[in-house]
Protein chains: 2
Amino acid sequence: MVKANAFYAQSGGVTAVINATACGVLQTAAEHKDVIGKVLVGANGIVGALNEELIDASKESKRAIAGLRSTPGGAFGSCRYKLKPYAEDPREYHRLIEVFQAHNIRYFFYNGGGDSQDTANKVSQLGARLGYPLQCIGVPKTVDNDLPVTDCCPGFGSVAKYVAVSTKEAALDIESMCATSTKVFVLEVMGRHAGWIAAAGALARDQAGDPPHIILLPEVPFNRQQFLRRVKATVAEKGFCVVVVSEGVRFANGKFVGESGAAKDAFGHAQLGGVAPVIANMITAKLGYKHHWAVADYLQRAARHIASATDVEQAYALGRAAVKLAVAGKTAVMPTIVRTNDSPYRWKIGEAKLSKVANVERFMPKSYISKDGFDITARAMRYLRPLIAGEDYPRYKNGVPEYVRLRQQRVAKKLPEQW
Amino acid sequence: MVKANAFYAQSGGVTAVINATACGVLQTAAEHKDVIGKVLVGANGIVGALNEELIDASKESKRAIAGLRSTPGGAFGSCRYKLKPYAEDPREYHRLIEVFQAHNIRYFFYNGGGDSQDTANKVSQLGARLGYPLQCIGVPKTVDNDLPVTDCCPGFGSVAKYVAVSTKEAALDIESMCATSTKVFVLEVMGRHAGWIAAAGALARDQAGDPPHIILLPEVPFNRQQFLRRVKATVAEKGFCVVVVSEGVRFANGKFVGESGAAKDAFGHAQLGGVAPVIANMITAKLGYKHHWAVADYLQRAARHIASATDVEQAYALGRAAVKLAVAGKTAVMPTIVRTNDSPYRWKIGEAKLSKVANVERFMPKSYISKDGFDITARAMRYLRPLIAGEDYPRYKNGVPEYVRLRQQRVAKKLPEQW
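Residues numbered from 1 in each chain as written. Chains lettered and ligands numbered in written order. Predicted model: local features only at pLDDT ≥ 70, side-chain atom pairs only at ≥ 80, totals over all residues. Heavy atoms only, no water.

**Points about the overall build of chain A**
Item 1. A tally of helices and strands in chain A yields 13 helices and 15 strands.
Item 2. Radius of gyration (C-alpha) of chain A: 23 Å, near the 22 Å computed for a compact globule of 419 residues.
Item 3. The buried share of chain A, reckoned over its 419 residues, is 65%.
Item 4. By sequence separation, contacts in chain A at least 24 residues apart represent 76% of the contacts at least 6 residues apart.
Item 5. Total accessible area computed for chain A in this model is approximately 14,900 Å², and 49% of it derives from carbon and sulfur atoms.
Item 6. Mean positive and mean negative side-chain charge positions of chain A (54 and 38 charges, respectively) differ by 2 Å. (Helix = DSSP H or I, 4+ residues; strand = E, 2+ residues; numbered from the N terminus. Rg over C-alpha atoms; globule rule 2.2 N^0.38 Å. Buried < 20%, exposed > 50% of the residue type's maximum accessible area, 1.4 Å probe, protein only. Contact = heavy atoms within 4.5 Å. Areas by Shrake-Rupley, 256 points an atom, 1.4 Å probe, with all protein chains shown as cover. Lys, Arg positive; Asp, Glu negative; His and termini not counted. Charge placed at Lys NZ, Arg CZ, Asp CG, Glu CD.)

Below you can see the structure in the form of structure tokens.
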């Protein structure tokens, strides 16, 4: 193999462990100096490649690179940017190849969700067509846990642990208060299409019947009457009711429940509220219970302080495996997590063709959702439980985690700005 | 001293460490069996005394009592219940004395905020007036940190740590995304009247200029124009803007900013939204930036998983001190935290008369608020920093914290139900 440079980029919504994957990529690339020269990282994701804004990872200290393993967010910047279909506008794809050629980049590591795997796949095809030798390796990442083939996605285990822990804690709070005050607590979590994150709320339970009492998934159409009946029955039996709701829960007509809260505020602005307040207000209006609600938003996917040790380990291992696949001469593949045993949990690294991964969303299977649609099954619990196992605490200084900051030294541009 | 029983109750909104105080009370009472018999605990706070619903703490295992130190929420139940003024309705006060007499209770430990200290003070006066020997000791607790005399309040340090850590993590997330997507993040935290909790967001910073860029306190009237100008300038300079807002922030006319978001949802319900979405929508409407917002609600005050070790230690120490004060023959007092040095931080236990504590709210002093009203001062940082120091992790099992559950065995009633 000829020695060449590598390109790495972070894509889409970031996670508590995407930097652990970056750490795995960078440390492993450094072990293969015979074939991999520098790792050039896209500033703010793939747009960094399009704009030839490249960060020279070799200028970062070993200590900073190691610190990436326990730093949340995307340390090199990420982006929400989907390349246009090649048939519609081939310029972006050609520009990528042009930038790669200018910087002698022959390894392309793209760390993201389904869209990113699709991009990596298309770039690999184009490289082949243009006769430019480019090895494209997708590296999985998404809190949504919705990539196919891989048993789970790095980022998910940590957000799942955050949701389980937070649900357990808030449930103890409301249980203390319910005799004279708040009777319903609603926690809104991420998941526009797939309910994996909301499902993880069930891991808060020590035993059946413990909170959360109701889980609302995007896979199950929201039925207001049945839901309110269930809340009422739960408060009658337990004295309080804890609901975990996925932001993407919809009515049978496909409309987001969260959207039904849209209204004008005092300034005449559209008030897009999130689904938790809509659900909570619905309960108080119809059943009269005092409520509290929380919207975790970025807190959940950035919560490195309560990351799953399993997730951190897998995120790192996938970064390592991506480089190993490249060094082994592979292209258009993505390393995956293969589960070999549930309990005790065992896993190994596998690989999937990008063509099998691109643009496929994995939803909660029917066998994971309870018949009444308000809970998950024992089978789902068996799947989810090991993914939140273990704690991997960051170091603290002055009472807060010591997260690293990179130098982000840019590589000199070699191409004209206009393309 | 004659040996008699003690009564303990948890009052008001619970915290991550109120059970650590209970642990201190119960373990210390057990060391003074010569004067303190059983500790009888009010089921759901003071209403447990009024209804003669008492939990016999001696029936709990030593292991469970020890586990209270790392369990959030109120393990015996709390309540939002303020006794009516004595002049208006003396019956409740007389009922308390009647229940205490029936169960040979001569020590009254009331664990709560300003209202509870007032109740404890009044009960002590009534006991004296009726010739019933009762030692009333207030035990401080409130995430709001608004009790006077004491340097800080147990519960606050942990919610402050949660807010600092969460702000730091979410800021890394949005910084990753801001080049192509979200530019503003708004985190809503507790604090109806005093801004201590929002102020703690500033502890997220490693250095000046780091996020959060704007802190909105209830002590400072909200000026929409100035706020929007500051957001715009911050995005221009930093590329993104992180705002921590206290739920209690108000306009100059006294109206809560959160209330201006009140509107009818699709079902015609009043939609009380919280202040974060109002602020976030205001920014998007006027400046066009994409936003994200989070409302931490109960998650912040229940977050035992990220409790401040300092706060846990002080909460426990105050429980111990309360019993020591009783054993020393004191009444109508509350143990306090006295700061003896800022850096290195040193503190000791002091005591305050309940009459000095009752019904006084402590706000952020002017010297703690920056001139422009959007930040806190170095002096405030010096006060806040040590309160979040140290981590005190609970034990984990199956990926979630192992929090204790009590047996809560009730004591047989001795009085008629009607009173």
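**Observations regarding the confidence of the model for chain A**
Residue and element names in this part refer to chain A.
Item 1. Of all residues in chain A, 97% attain a pLDDT of 70 or more, and the chain-wide mean is 95.
Item 2. Counting interchain partners and residues more than four positions distant, the pLDDT-below-50 stretch residues 263-271 has 28 contacts.
Item 3. Taken over the whole predicted complex, pTM reads 0.97, whereas the ipTM for its chain interfaces reads 0.97. (pLDDT = per-residue confidence, 0-100.)

**Quick notes on the pairing of strand β4 (residues 105-112) of chain B**
Residue and element names in this part refer to chain B.
Item 1. Across the eight residues of β4, seven count as buried, placing the element largely inside the fold.
Item 2. In the sheet, strand β1 (residues 4-10) pairs with β4 via six bridges, with the strands oriented parallel. In the sheet register, Asn5 faces β4, and the bridge partner there is Ile105.
Item 3. Pairing geometry for β4 and strand β5 (residues 135-140), over six bridges, is parallel. Each bridged residue has a counterpart across the sheet, and for Gly112 the counterpart in β5 is Pro140.
Item 4. Handedness of the β-α-β unit built from β4, helix α5 (residues 114-130) and β5 comes out right-handed. (Pairing = 2+ DSSP bridges. Right-handed = clockwise from strand over helix to strand, strands pointing away.)

**What about the environment of Tyr345 of chain A?**
Residue and element names in this part refer to chain A.
Item 1. You can see Tyr345 is positioned in the loop between β12 (333-341) and β13 (346-353).
Item 2. Considering only alpha carbons, one finds Tyr345 and Arg385, 40 residues apart in sequence, at a separation of 9.2 Å.
Item 3. Excluding residues that lie within four positions of it along the chain, Tyr345 makes contacts with Asp151, Thr310, Gln314, Ile337, Arg339, Pro386 and Leu387.
Item 4. Among the polar contacts listed, one links the side chain of Tyr345 to the side chain of Gln314, at a separation of 2.8 Å. (Polar contact = N/O pair within 3.5 Å; in protein donor to acceptor, adjacent residues only side chain to side chain.)

**Some points on the packing of helix α1 (residues 18-30) of chain A against helix α11 (residues 309-327) of chain A**
Residue and element names in this part refer to chain A.
Item 1. For the pair α1 and α11, the least separation of the axes is 7 Å and the interaxial angle reads 35°. Of the two elements, α1 crosses α11, and the hand of that crossing is right-handed. Only Val312, Ala315, Tyr316, Gly319, Arg320, Val323 and Lys324 of α11 make contact with α1, whose side of the interface consists of Ala20, Thr21, Cys23, Gly24, Val25, Gln27, Thr28 and Ala29. (Axes fitted to C-alpha atoms, helices over the stretch in contact; angles between N-to-C directions. Left-handed = near helix turned anticlockwise from the far one by under 90°.)

**Here we look at unusual backbone geometry**
Item 1. Residue Pro212 of chain A is reached from Pro211 of chain A by a cis peptide bond, and omega for that bond is 5°.
Item 2. With respect to the helices and strands, the residue Pro212 of chain A is situated in the loop between α7 (196-199) and β7 (214-216).
Item 3. Cis peptide bonds are those with omega within 30 degrees of zero, and the linkage from Ser343 of chain A to Pro344 of chain A qualifies with 0°.
Item 4. Its location among the elements puts Pro344 of chain A in the loop between β12 and β13.
Item 5. Of note in this structure, Asn145 of chain B is not a glycine but carries a positive phi near 60°.
Item 6. Tracing the sequence through the fold places Asn145 of chain B in the loop between β5 and α6 (156-177).
Item 7. At Asn359 of chain B, a residue that is not glycine, the phi angle is positive and equals roughly 60°.
Item 8. Within the secondary structure layout, Asn359 of chain B lies in the loop between α12 (354-357) and α13 (378-384).

**Points about the relation of the copies chain A and chain B**
Item 1. In screw terms, the move from chain A to chain B is a rotation of 180° and a rise of 0.0 Å along the axis, fitting with an RMSD of 0.0 Å. Here the copies are linked by what is in effect a two-fold axis. When each C-alpha of chain A is compared by its distance to the rotation axis, Val295 of chain A comes out closest, at 2.5 Å. (Least-squares fit on C-alpha atoms with pLDDT ≥ 70 in both.)

**Structural notes on the state of the cysteines**
All names here are of chain A.
Item 1. Using the criterion set out here, one finds zero disulfides over all chains in the structure.
Item 2. In this model Cys152 remains outside any disulfide bridge; the closest cysteine sulfur is found in Cys153, 6.8 Å from its own.
Item 3. Since its relative accessible area comes to 3%, Cys152 is described here as buried.
Item 4. Judged by relative accessible area, which is 1%, Cys153 ranks as buried. (Disulfide = S-S within 2.5 Å.)

**As for the interface of chain A and chain B**
Item 1. Every contact between the two is made by 82 residues of chain A and, on the other side, 82 residues of chain B.
Item 2. Summed over both partners, the interface of chain A with chain B comes to about 6,700 Å²; 59% of that surface belongs to carbon and sulfur atoms.
Item 3. Summed over the shared surface of chain A and chain B, the number is four salt bridges.
Item 4. Arg301 of chain B serves as the salt-bridge partner of Asp173 of chain A, at 2.7 Å between the closest nitrogen and oxygen.
Item 5. Across the contact surface, chain A and chain B share 29 residue pairs in polar contact (both at pLDDT 80 or more).
Item 6. Broken down by secondary-structure element, the contributors of at least two residues to the side of chain A that touches chain B are α6 (156-177), β6 (184-189), β9 (263-264), β10 (270-271), α9 (275-287), β11 (291-295), α10 (298-302) and β15 (400-401) of chain A.
Item 7. No other element matches the 14 residues that α6 of chain A contributes to the side of chain A that touches chain B.
Item 8. Broken down by class, the residue content of the side of chain A that touches chain B amounts to 41 nonpolar, 24 polar and 17 charged. (Buried area = accessible area lost by both parts, 1.4 Å probe. Salt bridge = Lys/Arg side-chain N within 4 Å of Asp/Glu carboxyl O. Nonpolar A, V, L, I, M, F, W, Y, C, P; charged D, E, K, R; others polar.)

**A closer look at the packing of aromatic side chains**
Item 1. Summed over the entire model, instances satisfying the criterion amount to 27 aromatic pairs over all chains.
Item 2. Here Trp196 of chain B and Tyr383 of chain B contribute two aromatic rings whose centre-to-centre distance is 5.4 Å and whose plane-to-plane angle is 55°, an arrangement assigned as tilted. Taken as a pair, Trp196 of chain B in helix α7 (residues 196-199) and Tyr383 of chain B in helix α13 lie far apart in primary sequence, 187 residues in all.
Item 3. In this structure Tyr383 of chain B comes out as buried when scored by relative accessible area, which is 4%.
Item 4. Put simply, the rings of Phe7, Phe100, Phe108 and Tyr110 of chain A touch in pairs and so form one group of aromatic residues.
Item 5. Looking at Arg192 of chain B, its charged tip hangs above the ring of Phe256 of chain B, at a distance of 5.1 Å from the centre. (Phe/Tyr/Trp six-rings, centres within 6.5 Å; stacked < 30°, edge-to-face > 60°. Lys NZ or Arg CZ within 6 Å of the ring centre and 35° of its normal.)

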